[in-house]
Amino acid sequence: MWLQDTRPSCWAVAWDWVLAPSAGHVLLPKVPLGGEGASPAQRHGICFVAGGCLPNLGPWADRVPCKSALPAPLLSGWMGERRGLKGLQKQWYYLFTHHSSSASSATMLLLHRAVVSAFRHACRFKSTSSKLCIQACSTNDSFQPQCPSLTFSGNNSSTRGWRVMGTLLGLGAVLAYHDHRCKAAQELPRIYTREEVRSHSSPETRIWVTLGSEVFDVTEFVDLHPGGPSKLMLAAGGPLEPFWALYAVHNQSHVREILAQYKIGELSPEDKAPSTLKTSDPYADDPIRHPALKVNSQRPFNAEPPPELLTENYITPNPIFFTRNHLPVPNLDPDTYRLHVEGPPGGQSLSLSLDDLYQFPKHEITVTLQCAGNRRSEMTQVKEVRGLEWSIGAISTARWAGARLCDVLAQAGHQLCETEAHVCFEGLDSDPTGTAYGASIPLARAMDPEAEVLLAYEMNGQPLPRDHGFPVRVVVPGVVGARHVKWLGKVSVASEESYSHWQRRDYKGFSPSVDWDTVDFDSAPSIQELPVQSAITEPKDGATVESGEVTIKGYAWSGGGRAVIRVDVSLDGGLTWQVAKLDGEEQCPRKAWAWRLWELQAPVPAGQKELNIVCKAIDDSYNVQPDTMAPIWNLRGVLSNAWHRIHVHVRANP
């Protein structure tokens, strides 16, 4: 067993040279096994010390009081020859008292295993059993080493036995030390130059990238990249920073955690200077925004109006209309703008200026736009999801004007066909590769005059603001906001839906059981029409209301042109209900493109100190909101339409 006295904190220690005991002190090396550069007297107390003679050690030794000692074998075999100490007459092992850390304990365990192995080997070497006698010594300043007998019984001489024992013990200690140093070296990060990183830019050479001073091998992650392999390959062999600057979603903890799994080393200190890749700020030319907007992301810019302003007006003012951007806002010249419309085989392709679009019959409609992630923040309370933390304001209503898409497609020669087809839209907002935002809708909807799909150039009687698609955007009534492509540059018809990332790998709903390890985006259809929705905008959650009567306001809307026919409101968490009054424009059957604002004035029950207010909407297909979020939770946090709940306090009467 490991040599140890009766005190549990005292461990037998040894070193691969011999040191002379004197006046109750022990010489300890400056570089212990427990940590490079650490003083063992201060940290681990891990070292090997043997009695004997040695010249001046200079900076290699500390002198600390010795706590106890025990005799040791003569190490004049392998160790004595290695250090030139052959012929020493007496040796001593010392016990060094310490409070071992986890690191030192681990090292001791390694030494323990090595020494036990060596000790057993030595015992098997002897023809008869051996006995080790240990005597702990006093620990005062007058301490003098004493030598209890330490013998092997048998025919061989004790000197030879101790030499064998010492050789094996020393060898075991050195091997354990070597093993520790090798493991420590393995834990140090590998150092690479930028030139080495640049040489790993393909699957054949493996795909490396850098972030700051760290180097990552992301070969196995390329096919798993949510934005598609091609996006990640843009950074192959180089830095991620220029591309992450475009997509602020990367600056989240879970993204960093995923990347950390692929770390292989560090950049050479000479190469740690910031990348010389010259990149201008792609967001520097973004428009100025209204200060009332609650910002969820600056780059790209995404923001929503505060609840108290959201339903002040039936038509949302342009400056506080919610903004959902995926890329930098392009600054387009209306005089040189052209919309390219691909014609069918045998038809003609169009290149339309703004003046050309003005020649089509102008059509105006009031339409509510809602982001698929509206109210995502409530879904996050059930379980973490990925996406912007939208509250209840990722929805707004405007009066839009422009040319009907069906008229433009007809002029290009398109018509309804028996087989499935899709109209694909491509924006003029793009990333550094020129990849633009894109989406698609079924051709049947696009060609239906009753669907009223617009190529809009006006918003609330004014040219489109830059944040909302100037000079031309798509408006698809009753459909999720992601299909209302802004800064429209190209329209085409295809047999399959758009191959855009935002059509194929985003804006889809999944079961609560699906996570990021099991999700299959190809298994779910793209979101088009949205489910019925409502929310409370007044009072605010956590507010204090007066006793007597409370006024509750909010909005309600349903996708697909389904009209909201009723909004139910509860003051007691859903135990009892009252019907709210609907305001706003009357809705046409199957063409209810805009929201209904609602209001309820209700007496506050006497003695109530707080109210749990809930609302739910019902559309003309009798679709109703689910009561809780948990059953509709999904990993992207979309389609969040459970009952909206707020908690308010009631001010007591004076």
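No experiment lies behind these values; they were computed from the predicted model shown. (Residues numbered from 1 in each chain as written. Predicted model: local features only at pLDDT ≥ 70, side-chain atom pairs only at ≥ 80, totals over all residues. Heavy atoms only, no water.)

(A) Representation of the overall build of the protein chain in the model. A tally of helices and strands in the protein chain yields 13 helices and 32 strands. Once local pairs closer than 6 in sequence are excluded, the contacts in the protein chain between residues at least 24 apart make up 71%. Element-wise, carbon and sulfur atoms account for 52% of the exposed surface of the protein chain, whose accessible area totals about 30900 Å². (Helix = DSSP H or I, 4+ residues; strand = E, 2+ residues; numbered from the N terminus. Contact = heavy atoms within 4.5 Å. Areas by Shrake-Rupley, 256 points an atom, 1.4 Å probe, with all protein chains shown as cover.)

(B) Quick look at the side chain of Ser353. Residue placement: Ser353 occurs in the loop between strand E15 (350-352) and helix H9 (354-358). In this structure Ser353 comes out as buried when scored by relative accessible area, which is 12%. Apart from residues no more than four positions distant in its own chain, Ser353 is found in contact with Tyr337 and Arg338. (Buried < 20%, exposed > 50% of the residue type's maximum accessible area, 1.4 Å probe, protein only.)

(C) Structural detail: the sheet that holds strand E29 (residues 581-583). The four strands lie next to each other as E24-E26-E30-E29, forming an open sheet whose pairing is antiparallel. Both outer strands of the open sheet, strand E24 (533-538) and E29, are each paired with one neighbouring strand and no more. Direction aside, the axes of adjacent strands within the sheet are offset by 30 degrees on average. Where strand E26 (residues 549-557) meets strand E30 (residues 596-603), eight bridges bridge the pair, whose relative direction is antiparallel. Pairing of Lys553 across the sheet is with Glu599, part of E30. (Pairing = 2+ DSSP bridges. Axes fitted to C-alpha atoms, helices over the stretch in contact; angles between N-to-C directions.)

(D) Fine view of the sheet that holds strand E31 (residues 610-619). Spatial ordering of the open sheet is given by E25-E32-E31-E27-E28, a layout of five strands whose pairing is mixed. Looking at which strands have only one partner, the edges of the open sheet turn out to be strand E25 (544-546) and strand E28 (578-579). Relative to E28, strand E27 (residues 564-570) runs antiparallel, the two sharing two bridges. For Val569, the partnering residue across the bridge sits in E28 and is Gln578.

(E) Spotlight on the pairing of E30. For E29 and E30, the ladder comprises three bridges, and the chain directions are antiparallel. Within E30, the residue paired with Leu582 across the bridge is Trp598.

(F) Region of interest: unusual backbone geometry. Residues Arg299 and Pro300 are joined by a peptide bond in cis, for which omega reads 0 degrees. Of note, Pro300 is situated in the loop between strand E11 (294-297) and strand E12 (302-304). Omega for the peptide link from Glu538 to Pro539 comes to 0 degrees, which places this bond in the cis form. Of note, Pro539 is situated in the loop between E24 and E25. Not every positive phi belongs to a glycine, and Arg375 is a case in point at roughly 70 degrees. Summarising the element assignment, Arg375 is placed in the loop between strand E16 (362-370) and helix H10 (376-380). Note on Arg375: relative accessible area 0%, which makes it buried. Positive phi values are uncommon outside glycine, yet Arg590 reaches one of about 65 degrees. As for its position among the elements, Arg590 is in the loop between E29 and E30. On the basis of relative accessibility, which here comes to 66%, the residue Arg590 falls in the exposed class.

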